[in-house]
Amino acid sequence: MIDIKNISKWYGTFQVLTDCTTTINKGDVVVVCGPSGSGKSTLIKTVNALEPIQKGDIIVDGTSISDKKTDLPKLRSRVGMVFQHFELFPHLSITDNLTLAQIKVLGRTKDESIKRGMKMLDRVGLSAHKDKFPGQLSGGQQQRVAIARALSMDPIVMLFDEPTSALDPEMVGEVLDVMVALAHEGMTMMCVTHEMGFAKRVSNKVIFMDAGKIVEDCASADFFGKPEERSPRAKDFLSKILQH
Amino acid sequence: MALDLDYSVLTPEVIKTNILPGLYYSLELTFVAMLGGVILGTLIALMRLSSKPWLQRIAATYVDTLRSIPLLMVILWFYLLIPSGFYSMIAGSFGENHRPEFAAVITFTFFEAAYYSEIMRAGIQSVSRGQVYAGYAVGMTYSQCMRLIVLPQAFRNMLPVLLTQTIVLFQDTSLVYAIGAYDFLHGFQTVGQVYNRPNEMVLPAAACYFVLSFSLSMLVRRLQKKIQIIR
């Protein structure tokens, strides 16, 4: 479904991504991990072209993102994205946050989009908060609304960019619960995360990055189950992260 | 000579025929210039923040030029340079007869746009990059993202500053005396000349400007507190 083909990206003369190649199939739950500054967040943002690439290409559901003729807004509307800092629209109520893009981008009617939005809000267990503003919710609640907002667009794939990194520890669980449920329903997901428990239990594939390169790209059972087969860099990372 | 001030000439009749039309015009000028200035200023701010260097250049030149010339000179230039045919074109004979008044509206709109654009630029930059990403990520185009996500927030963040600039604008409108437009101050001056009481008329004019501007700034201060709570 997503074909990342040999992409490279530079910020000025600094190369953030070097020849990254991987494939994500329908129904895959892929976890992207690695030390900070390794290019994980940049990689996931290139998938819906929020970050432009200078070399290579990405094919999302048959559409090339670097093709000049591609309607990027239309492509992005089919790819859900959840951000580290939630990025709900603070000047709009929860309901408006859920319906705005459905109405303005997908051209749905107001009734239709409210119905769809409320269904998703119910799914993340926050129906009671539909008339509040984002600032009135806790971080965990905001992130769940952000997931509902992305799901309201009926995406073919969901991208999660460190969805729990900015949360208080006790709120991490509620967000992960939503993500686990989503994965069990068969949603195709790509998640940048440090939650190794989630990666171990839910994902079927792990991508390990270091210094802008994809170092490991393997089944998660192998990544966690056969540490002896891993590269030294991944071994080092795993030993540090699994210690506790 | 003692200050023997005589305000008996300021009858309700005189106020109605001479002063109030001037006040209306001053308020009209302020309001239209604010509205036009904010709209034009926002466009200039967007040009300045665009990724196209030639658009940035045009916007920067516009802002830097107008901010480097005294307002009084800009008022005179616009008045002298715009041909009278232009006014009859936009408002017929009414436009021709009120040339200074129309010239002032145009001047102030373009002049204030330079200042409002800097405020809006700061406002747009106060909205985080993540909000823009979020807008794009749900499939919005650049213009949707600006209209629906960034500008509403920028506007709200900058409202107190925009209004403060409008108070300055209101006071500056008194400069249109240079081209003879009939504004609030001109109204008082006319009364002073007609009834031979020029000295007396300076004080109430100043008092009125003070009261209007001061109450507006009080309003802005209250608004500022309110916005702080919402955040």
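Before any of the text, the structure's been laid out above.
Just so we're clear, the structure is a prediction, and the values are computed from it rather than from any experiment. Within every chain, residues take consecutive numbers counted from 1 along the sequence as written. To read the labels, note that chains go from A and ligands from 1, taken in the order they are written. Restriction of local features to residues with pLDDT of at least 70 applies here, the model being predicted, together with a cutoff of 80 or more for giving and counting side-chain atom pairs; totals for whole chains, interfaces and linings are based on all residues. Side-chain numbers come from the whole structure's heavy atoms, not from hydrogens or water.

A. Highlighting the interface of chain B and chain A. We call two residues contacting when some pair of their heavy atoms lies within 4.5 Å. Residue-level contacts link 18 residues of chain B with 21 residues of chain A. At the boundary of chain B with chain A, total buried surface from both sides reaches about 1,600 Å², with 66% on carbon and sulfur atoms. We count a salt bridge whenever a side-chain nitrogen from Lys or Arg sits within 4 Å of a carboxyl oxygen from Asp or Glu. Between chain B and chain A we count zero salt bridges in total. Each helix is a run of DSSP H or I of at least 4 residues and each strand a run of E of at least 2, with the numbering of both proceeding from the N terminus. Going through the elements one at a time, helix 6 (129–137) and helix 7 (142–172) of chain B are the ones with two or more residues in the side of chain B that touches chain A. Computed with a 1.4 Å rolling probe, the buried area is the accessible surface lost when two parts are put together, summed over both parts.

B. Structural detail: a nonpolar patch on the surface. All names here are of chain B. Residues enter a patch when their relative accessible area is above 30% and they make no salt bridge; the linking distance is 9 Å between like charges and 5 Å between nonpolar side chains (Val, Leu, Ile, Met, Phe, Trp, Tyr). Values of accessible area rely on a 1.4 Å probe in the Shrake-Rupley scheme; residue burial ignores everything except the protein chains shown. Nonpolar side chains collect at one region of the surface, where Leu72, Met73, Leu76, Trp77, Leu80, Leu81 and Tyr177 lie side by side and expose about 710 Å² of accessible area between them. Position of Met73 among the secondary structure elements: in helix 3 (residues 71–81). Note on classification: 1.4 Å probe, protein chains only; a residue is buried when its accessible area is under 20% of the maximum for its type, exposed when over 50%, partly exposed between these limits. Overall, Met73 belongs to the partly exposed group, its relative accessible area being 37%.

C. View of the packing of helix 2 (residues 53–67) of chain B against helix 5 (residues 99–126) of chain B. All names here are of chain B. Helix axes are fitted only over the stretch in contact, all axes being lines through C-alpha atoms; the angle between N-to-C directions runs from 0 to 180 degrees. Running from amino to carboxyl end, helix 2 crosses helix 5 at an angle of 115°, the nearest separation of the two axes being 9 Å. Relative to helix 5, the element helix 2 is oriented roughly perpendicular. Our pair here, helix 2 against helix 5, has a crossing hand that is left-handed. Where helix 2 approaches helix 5, its residues Tyr62, Val63, Leu66 and Arg67 are matched on the opposing element by Phe110, Phe111, Ala113, Ala114, Tyr115, Ser117 and Glu118. The nonpolar class holds Ala, Val, Leu, Ile, Met, Phe, Trp, Tyr, Cys and Pro. Asp, Glu, Lys and Arg form the charged class, and all remaining residues, Gly among them, are polar. Its residues assigned to classes, the contact of helix 2 with helix 5 shows eight nonpolar, one polar and two charged. Between 65 and 115 degrees an angle is taken as roughly perpendicular, under 35 as roughly parallel, over 145 as roughly antiparallel, and anywhere else as oblique. Helix crossings fall into two classes, left-handed where the near helix is turned counterclockwise from the far one by less than a right angle and right-handed where it is turned clockwise.

D. A look at the pattern of salt bridges. Residue and element names in this part refer to chain A. Under the criterion given, the structure shown has 19 salt bridges over all chains. In this structure, Lys205 engages Asp217 in a salt bridge whose closest nitrogen and oxygen atoms are separated by 3.3 Å. In this pair, Lys205 sits in strand 9 (residues 205–210) while Asp217 sits in strand 10 (residues 213–219), placing the two residues twelve residues apart along the sequence. What makes Lys205 buried here is its relative accessible area of 14%. On the basis of relative accessibility, which here comes to 34%, the residue Asp217 falls in the partly exposed class. We note a salt bridge from Asp210 to Arg233, for which the minimum N-O separation is 3.0 Å. Highlighted residues: Asp210 in strand 9 and Arg233 in helix 9 (residues 232–242), separated in sequence by 23 residues. Using a relative accessible area of 29% as the deciding quantity, one classes Arg233 as partly exposed.

E. Fine view of the packing of aromatic side chains. Residue and element names in this part refer to chain B. Aromatic pairs are defined between Phe, Tyr and Trp rings, using the six-membered ring for Trp, whenever the two ring centres lie within 6.5 Å; interplanar angles under 30 degrees are classed as stacked, those over 60 as edge-to-face, and all others as tilted. Inspection of the entire model under this criterion finds nine aromatic pairs over all chains. Each ring, one from Phe184 and one from Phe188, has its centre 5.3 Å from the other, and the planes form 65°; the classification is edge-to-face. With a gap of four residues between them, Phe184 and Phe188 both fall in helix 8 (residues 184–194), about one helical turn apart. Exposure remark for Phe188: the relative accessible area of 5% places this residue in the buried category.

F. Up close: the sheet that holds strand 2 (residues 14–24) of chain A. Residue and element names in this part refer to chain A. Note on pairing: DSSP must find at least two bridges between two strands before they are called paired. Spatial strand order, 2-1-4-5: four strands in an open sheet with antiparallel pairing. This sheet does not close on itself; its edge strands, each paired only once, are strand 2 and strand 5 (63–64). Relative to strand 2, strand 1 (residues 2–11) runs antiparallel, the two sharing seven bridges. Note that in strand 2 the partner of Ile7 across the bridge is Cys20. Most of the contacts of helix 1 (residues 40–47) go to strand 1, to which it runs at about 120°, and overall it touches strand 1, strand 2 and strand 4 (55–60).

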